[in-house]
Amino acid sequence: MTDALELADEALLDAFQHAAFDYFLETTNPANGLVADNSRPDVPASIAVVGFALSVYPVAVERGWMTRADGIERSLTALRFFRDSEQSDRSEATGCHGFYYHFLDLRTGARVWRSELSMIDTALLIAGALTAREYFTSMADGETELRALADMLYRRIDWRWAQNGGTSIMQGWKPESGFLHYGWEGYNEAIVLYVLALGSPTHPIDHTGYRAWTATYQWEHLYGHDFLYAGPLFVHQFSHAWIDFRGIRDRFMREKRCDYFENSRRATEVQREYAQRNPHEFVGYDADCWGLTACDGPSDDFPQLRCDPRHFVGYAARGVPYGPDDGTLAGWAALASLPFAPDTALDAVRSMHRRYPEMMSSQRYASSFNPSLPSAGHAWVSKGHFGLDQGIVVMMIENYRTEMIWRLMRACPYIRSGLQKAGFRGGWL
């Protein structure tokens, strides 16, 4: 029976992972390699989603979902676009100082929505480029060019400029108004950002920048768990998609006798306990139905909800236990927690798949669902799919199954250097 269950789980994960990967085949502009932020009509490209695409192409090659030649060509197309696109302080450019605007026109690559020059989204893009660099290692012409392009894009980024004369890296910049008025404070998804900024061979920040950021951390005791607090679950997942934090510790974690991997395990258990307690008494919440994170959701602006006394927050970073929480869950968040708490995550994956099949189409997770808002006997489900959700699903399932992305990035000299400069010691370092 155990073997049968294991085989069934393996087949289920394979189906989820393959379906999530297909998002990138369906939403990429083949002319420039840019990938749509989500699957809705007329949306722009997200540079972070391109970073996920560059990271999942090697997984697809290994699993036989695309040929190596196709993976190389798709990666080269994207990297050539970023090499050749305009870098200037003009509002119509694609980037500046090596960074890129968060959202770009899917066809032309020009900035859209007056979006910010995004430091974290650029970091996710570069993490993807470096993943491709570590995977495509032959001396064939295309693979040699790919590695050179990834290096060039990384080395071009002026991380020191992004500190705006201070210690913290700023969250963004706009040509109309300059730097946004906030940097990175509190634990969040920015470890990969700081690791890349520290490891840069051309424009690195000083280690004091990382120390200044970790000084804003908030250590809490919740539901019997001591852990580094961040409410939304994606915070405990995104940097882990690329970096294997098992057994390596910076100064903060050495003092807490913990590491970031264990911290994410505890955060997953806190999510589960919160859903089981269900303080707002939402429909569906329990020990096997959880996932409060950054996701789409119903909004007060929806005509059918204008008379509803409850408050619905649309696309937002939902979190535990302090909110926001409007009864909306992201089923994919359990899959992205597989490496940390496989039994807990698999129980949730099986349960939600059985109870709310409407949250999936073609085995691909929607951004979110809300059982408290039934429609025709089914839970409310977000329309379309989001690239960030699909990318993290592919990567974290793969890290759970084979540790492939972790193994690639453990070999990346820039990642190793950045971690060491941040003060990480032990384990595979």
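Our subject is the structure listed above.
Throughout what follows, the structure given in this document is the object of discussion.

1. Points about the nonpolar core
F82, W242 and Y260 are the most contacted members of the largest nonpolar core, which has 147 residues in total. Looking at this core element by element, the count peaks at 12 residues for helix α2 (residues 47–63). Contact partners of Y260, with chain neighbours within four places excluded, come to Y187, I191, Y210, Y217, L228, H240, F245, D250, M253 and F424.

2. Notes on the side chain of E398
You can see E398 is positioned in helix α12 (residues 387–401). Take E398: its relative accessible area is 2%, and that puts it in the buried class. Side-chain polar atoms of E398 contact the side chain of Q17, separated by 2.8 Å. For E398, the residues in contact, after removing those within four places along its chain, are Q17, V59, R63, E403 and M404.

3. Side note on the side chain of S200
On the secondary structure map, S200 appears in the loop between α6 (191–199) and α7 (207–214). Here the side chain of S200 touches H203 through a polar contact of 3.0 Å, landing on its backbone nitrogen. Setting aside anything within four residues of it in sequence, one finds S200 in contact with Y154 and W159.

4. Thoughts on a positive patch on the surface
Together, R211, R249, R251, R254, R257 and R425 make up a region of like positive charge exposed at the surface. Position of R254 among the secondary structure elements: in helix α8 (residues 251–256).

Calculation rules
- Residues numbered from 1 in each chain as written.
- Predicted model: local features only at pLDDT ≥ 70, side-chain atom pairs only at ≥ 80, totals over all residues.
- Heavy atoms only, no water.
- Core = buried A, V, L, I, M, F, W, Y, C linked by side-chain atoms within 4.5 Å.
- Buried < 20%, exposed > 50% of the residue type's maximum accessible area, 1.4 Å probe, protein only.
- Helix = DSSP H or I, 4+ residues; strand = E, 2+ residues; numbered from the N terminus.
- Contact = heavy atoms within 4.5 Å.
- Polar contact = N/O pair within 3.5 Å; in protein donor to acceptor, adjacent residues only side chain to side chain.
- Patch = residues over 30% accessible without salt bridge, like charges linked within 9 Å, V, L, I, M, F, W, Y side chains within 5 Å.
- Areas by Shrake-Rupley, 256 points an atom, 1.4 Å probe, with all protein chains shown as cover.
- Salt bridge = Lys/Arg side-chain N within 4 Å of Asp/Glu carboxyl O.
- Lys, Arg positive; Asp, Glu negative; His and termini not counted.
- Charge placed at Lys NZ, Arg CZ, Asp CG, Glu CD.

The analysis is restricted to geometry; functional conclusions fall outside its scope.
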